[in-house]
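Examination of the molecular architecture
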Amino acid sequence: MVSTNTEPSPPTFLDEEPAEQTPVDAPADAGNRAEQAKSLLAGLDLDTAIRLRWAMRDIRGKRTKMLPVSENDLAALIDLGFVEMREGIPRLTGLGILALD
């Protein structure tokens, strides 16, 4: 038997037209930011760049109580935009995370 019911069925999410989407430049922008972050470290002498990378790894690993970051290194990381202080604790910024990856 075939139904003769003429009532429309309720719309589902598949029946709706897709919302207009704006292009996302996140992958390209993230790549540019990563290159910018790495170039900031590349501009430093080798010993300083290595020391700052290890300091950022210690900050990311939350080891700053056992291995405190020197005041000079912390100031340099803050000036470069890799670290910010939150409630007296150093935290990596988005740029700092990109510099390590």
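Before reading on, note that the structure itself is shown above.
Keep in mind that what you see is a predicted model, and the values were worked out from it rather than measured.

About the criteria used
Counting restarts for each chain, with residues numbered from 1 along the sequence as it is written. Restriction of local features to residues with pLDDT of at least 70 applies here, the model being predicted, together with a cutoff of 80 or more for giving and counting side-chain atom pairs; totals for whole chains, interfaces and linings are based on all residues. Values reported for side chains reflect all heavy atoms of the structure, with hydrogen atoms and water molecules removed beforehand. The way it works is that DSSP assigns letters per residue, a run of H or I at least four long becomes a helix, a run of E at least two long becomes a strand, and they are numbered from the N terminus. Partly exposed describes any residue whose relative accessible area lies between the buried limit of under 20% and the exposed limit of over 50%, with all areas from a 1.4 Å probe on protein chains only and scaled to the type maximum. Should any heavy atoms of two residues lie within 4.5 Å, those residues are counted as being in contact. One side-chain nitrogen of Lys or Arg within 4 Å of one carboxyl oxygen of Asp or Glu is enough to make a salt bridge. Arc definition: directions from the helix axis to the C-beta atoms. Like-charged residues are merged into a patch within 9 Å and nonpolar side chains (Val, Leu, Ile, Met, Phe, Trp, Tyr) within 5 Å, provided each residue has over 30% relative accessible area and no salt bridge. In short, Shrake-Rupley with a 1.4 Å probe defines the accessible areas, and a residue's cover is counted only from the protein chains shown. Between any two strands, pairing holds if DSSP finds at least two bridges.

Turning next to the overall build of the protein chain. When helices and strands are tallied, the protein chain shows 4 helices and 2 strands. For the protein chain, the α and β elements follow one another from N to C terminus as α-α-α-β-β-α. In the protein chain, which comprises 101 residues, the proportion classed as buried is 24%. Contacts in the protein chain between residues at least 24 apart in sequence constitute 51% of all its contacts with a sequence separation of at least 6.

What follows concerns the pattern of salt bridges. Taken as a whole and assessed by the stated rule, the structure comprises 4 salt bridges. Its salt-bridge partner being R63, residue D58 comes within 3.1 Å of it at the nearest N-O pair. One salt bridge connects D101 with R60, and the closest N-O pair in it is separated by 3.6 Å. Of this pair, D101 sits in the segment after α4 (94-100) while R60 sits in helix α2 (residues 46-60), and the two are 41 residues apart along the sequence. Since its relative accessible area comes to 55%, D101 is described here as exposed.

Positionally, D58 belongs in helix α2. Here D58 is in contact with R63, T64 and L67, once residues within four sequence places are set aside.

A separate point is helix α3 (residues 71-80). Within α3, burial applies to D73, L74 and L77. Looking straight down α3, one finds that the buried residues subtend no more than 100 degrees of arc, so they occupy a single side. Exposed and oriented more than 90 degrees from the buried face of α3 are E71, N72 and D79. Phi turns positive one or two residues past the end of α3, at G81, with a value near 90 degrees.

Residues L46, I50 and W54 make up a contiguous nonpolar surface patch of roughly 350 Å² in combined accessible area. Summarising the element assignment, L46 is placed in helix α2. On the basis of relative accessibility, which here comes to 63%, the residue L46 falls in the exposed class.

Right, let's talk about the side chain of D73 for a bit. Along the polypeptide, D73 turns up in helix α3. Apart from the residues lying within four places of it in its own chain, the contact partners of D73 are R51 and L52.

As defined by bridge partners, strand β1 (residues 83-86) adjoins strand β2 (residues 89-92) across 4 bridges and the pair is classed as antiparallel. Directly across from V83, in β2, lies its bridge partner L92. Here β1 folds back onto β2, and the loop between the two strands holds 2 residues, one of which, E87, carries a positive phi near 55 degrees.

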